[in-house]
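Close look at the chain arrangement
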Amino acid sequence: MCKFLGKRYFVYGDGLSGRAACRAIKAGGGKAKLYSDDRGVFVPPRRSEYDGGIISPGIKPSHAIYEYCRENGIPVMGEPDIGFALADGRKTVGVTGTNGKTTVTRLVAQMTDGIACGNIGYPISTAACDGSDKPLVCELSSFQLHTAKVSPSVAVITNVAPDHIDWHGGFAEYCADKCNIARYMDGGALVIGEDVPLGALDSLETTAEIVYCSTRGYVDGAYIKDGYFMFEGVQVCPLDYLRLKGEHNVKNALCAIAAAMLCGADGDSVRAALSRVSADAHRVEDVGVYCGKRWVDDSKGTNVSASMAAVEATDGRLCLILGGRGKATDFSPLFERLSPRVVAVVAMGETAQAVRDCAVKFGYGSMVTVTDGLKTAVAAANGTDADTVLLSPACASFDEFGSYAERGEKYAQYVKSLK
């Protein structure tokens, strides 16, 4: 545990990952100093002789700390770099993608008896210091991958669709950061999910072996054949072993099967994980039946592709609640292919008007009700003739709530208080 002996770092950002990085560096024999903005004002580190600067994932690339590092020749790193350095000798799996990251991370961890960590809320650097030799299965966001230079044993890109464009500056930049999961790999394998468009891999540079996933037929990797999950020509188990609903979860399962088996998982462990996995909280989660309607919480659906998947995974005539804080969100793909089962749309929050404008463009303006927030959106949805109301906002929660989890909890509260 002396990986950082004699090394000096600063950590910018005093959130969960920043504090974890500081502790891990010190546990590894190094020195670390924590800095953060003071009421929105940049606080430069007090000296420039650092071996590296760890920048927290919530800090945008336009922040002054990046210019400070360039001017002083300080290598920029992320908290995952610290964790991967301390995990030397353990198997590591890195999982990224626009959607499905958490599901795949949890599945692979169960299949390999590994530790789920990273963007799910348990810092990689903390997990790496746990004293075990279990594999680390690391969910990695595009924010984390912007600075990280990690080399997992196996990497996974579940899917790619436009998201966080406001943070990255463009879709090409977003894709490039996703591809960073494999850029620094020393061999190993990269699992590519079915919904990764070829153009999203334009910037991919890797020495890893590419392994594919498909629901449509044979590929060199994981695929579906005659109602079975298959991997490299061998039956794994019937599709109905998977407890999770929706085609998107079949695709997630394929990614997990490939990654786990590449890490040495056996068929029994894979089958057991598929048969006992449950949906993530606030991801197409049933709230209950109130006022004659079924209410479904997909508050975790913070981008358009996630909301489209939630619609497909939800039964009945739907009222869809959309909106919140946009991320340069383009709602066109949703309204271009709007399911005929959607009979009403309630738009809320900062993007409510943008939702309505897009609906009008595609001829759905008459079915949209504009509201100012979630509570009034629930009331409006209750007045529609839909059988099921689906909260799947396709937006961040930060116009009204501190997190998607808080938004989902409030949704359930408002639903249960309906008269």
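So, a few notes on the structure that sits alongside this text. Here, residues in each chain are numbered from 1, in the same order as that chain's written sequence. The model is predicted, so local features are restricted to residues of pLDDT at least 70 and side-chain atom pairs to those at 80 or more, both for listing and for counting; the totals for chains, interfaces and linings are taken over all residues. The basis for the side-chain values is all heavy atoms of the structure; hydrogens and waters are excluded.

Re the overall build of the chain
Starting at the N terminus, helices and strands are each numbered in turn, a helix being any DSSP run of H or I of at least four residues and a strand any DSSP run of E of at least two. The secondary structure content of the chain amounts to 15 helices and 19 strands. What you see for the chain is a C-alpha radius of gyration of 22 Å, in line with the 22 Å of a compact globule of 419 residues. Expressed along its principal axes, the backbone C-alpha trace of the chain runs to roughly 65 × 55 × 40 Å. By sequence separation, contacts in the chain at least 24 residues apart represent 67% of the contacts at least 6 residues apart. Accessible surface area values rest on a Shrake-Rupley calculation with a 1.4 Å probe, where residue burial reflects the displayed protein chains alone. If you sum the accessible surface of the chain, you get close to 17300 Å²; carbon and sulfur atoms cover 49% of it. With 44 positive and 49 negative side-chain charges, the chain shows a separation of 5 Å between the mean positions of the two kinds. Computation of the radius of gyration draws on C-alpha atoms alone. For the globule rule, the value is 2.2 Å times the number of residues to the power 0.38. Only heavy atoms matter for contacts: two residues are in contact if any of them lie within 4.5 Å across the pair. Counted as positive: Lys and Arg. Counted as negative: Asp and Glu, with His and the chain ends omitted from the count. Where a charge lies is defined by one atom per residue type: Lys uses NZ, Arg uses CZ, Asp uses CG and Glu uses CD.

Some points on empty space enclosed by the protein
Only protein atoms enter the 1 Å grid, on which a cavity is a set of points fitting a 1.4 Å probe that cannot get out and a pocket is an open set with protein on both sides within 12 Å along at least 5 of 7 lines, lining residues being those with an atom within 4 Å of a point. Grid points are joined across faces, edges and corners, and a volume is the space filled by probe spheres set on the points. One pass over the structure, following the stated rule, counts 1 cavity of 30 Å³ or more. Here the largest cavity defines a volume of roughly 40 Å³. Lining the largest cavity, in full, are G323, G324, M348, S397, D399, E400, F401 and R407. For the lining of the largest cavity, the class distribution of residues is 2 nonpolar, 3 polar and 3 charged. Under this grouping Gly is polar, as are all residues other than the nonpolar Ala, Val, Leu, Ile, Met, Phe, Trp, Tyr, Cys and Pro and the charged Asp, Glu, Lys and Arg.

Concerning the packing of aromatic side chains
Centres within 6.5 Å make a pair out of two Phe, Tyr or Trp rings, where for Trp the six-membered ring is used; the pair is then stacked when the planes are under 30 degrees apart, edge-to-face when over 60, and tilted otherwise. As enumerated under the stated definition, the model contains 10 aromatic pairs in all. Between F10 and Y50, the aromatic rings sit 5.1 Å apart at their centres with planes inclined by 75 degrees, giving edge-to-face as the arrangement. With F10 in strand β1 (residues 8–12) and Y50 in the loop between β2 (31–35) and β3 (52–55), the pair connects residues that are 40 residues apart, well separated along the chain. Only protein chains enter the accessibility calculation, which uses a 1.4 Å probe; a residue is then buried when its area is under 20% of its type maximum, exposed when over 50%, and partly exposed in between. Taking relative accessible area as the criterion, Y50 reaches 10% and is therefore assigned buried.

As for a negative patch on the surface
On the surface, a cluster of negative charge is made up of D372, E400, E406 and E409. Its location among the elements puts D372 in the loop between β18 (368–370) and α14 (374–382). Note on patches: the residues involved have over 30% relative accessible area and no salt bridge, like charges join within 9 Å, and the nonpolar side chains Val, Leu, Ile, Met, Phe, Trp and Tyr join within 5 Å. Take a side-chain nitrogen of Lys or Arg and a carboxyl oxygen of Asp or Glu: if they are within 4 Å of each other, that pair is a salt bridge.

Observations regarding the sheet that holds β2
DSSP bridges decide pairing: two strands pair if at least two such bridges lie between them. Spatially, the 4 strands line up as an open sheet ordered β2-β1-β3-β4, and their pairing is parallel. Since the sheet does not close on itself, it has two edges, and those belong to β2 and β4 (76–77), each with one partner. Relative to β3, β1 runs parallel, the two being bridged by 4 bridges. Looking across to β3, one finds that F10 is bridged to G53. Those strands touched by helix α1 (residues 16–27) are β1, β2 and β3, and its axis lies near 165 degrees from that of β2. Every axis corresponds to a line fitted to the C-alpha atoms, with the helix fit spanning only the stretch in contact, and the corresponding angles, defined between N-to-C directions, vary from 0 to 180 degrees. Contacts from helix α2 (residues 64–71) reach β1, β3 and β4 within the one sheet, and its direction differs from that of β1 by about 160 degrees.

Digging into the sheet that holds strand β13 (residues 234–238)
Hydrogen bonding along the main chain pairs the strands of a sheet, whether they run parallel or antiparallel. Strand order in the open sheet formed by 9 strands is β6-β7-β5-β8-β9-β10-β11-β12-β13, with mixed pairing between adjacent strands. Two strands lie at the open edges of the sheet, namely β6 (115–118) and β13, each paired on one side alone. Neighbour-to-neighbour, the strand axes of the sheet open up by a mean angle of 25 degrees, direction not taken into account. Of the strand pairs in this sheet, strand β9 (residues 189–195) and strand β10 (residues 209–214) are connected by 4 bridges, and their pairing is parallel. Note that in β10 the partner of I192 across the bridge is Y212. Docked against the sheet, helix α4 (residues 101–112) engages β5 (92–96), β6, β7 (136–139) and β8 (154–159), running at close to 175 degrees with respect to β7.

Concerning the layout of surface pockets
Roughly 250 Å³ of internal volume is contained in the second largest pocket. As for the second largest pocket, its lining consists of 14 residues, and the residues nearest its centre are A161, P162, V304, D330 and P333. Of all the elements, helix α11 (residues 304–313) adds the most residues to the lining of the second largest pocket, at 3 residues. The residue makeup of the lining of the second largest pocket, split by class, is 7 nonpolar, 3 polar and 4 charged.

Remarks on the pattern of salt bridges
Per the stated rule, a full pass over the model turns up 19 salt bridges. Note that D88 and K3 form a salt bridge whose closest N and O atoms lie 3.2 Å from each other. Residue D88 is located in the loop between α3 (79–86) and β5, and its partner K3 is located in the segment before β1; the two are separated by 85 residues in the primary sequence. Using a relative accessible area of 61% as the deciding quantity, one classes D88 as exposed.

Some points on the pairing of strand β12 (residues 228–231)
Taken residue by residue, a regular strand's side chains alternate between the two faces of the sheet. Pairing of strand β11 (residues 221–225) with β12, which is carried by 4 bridges, proceeds in the antiparallel orientation. Across the sheet, K225 pairs through a bridge with Y228, a residue of β12. Counting the residues in the hairpin turn of β11 and β12 gives 2 residues, including D226, whose phi is positive at 55 degrees. One ladder, built from 4 bridges, connects β12 with β13; its direction is antiparallel. Along β13, the bridge assignment pairs M230 with Q235. Here β12 folds back onto β13 in antiparallel fashion, the turn holding 2 residues, of which E232 has a positive phi close to 50 degrees.

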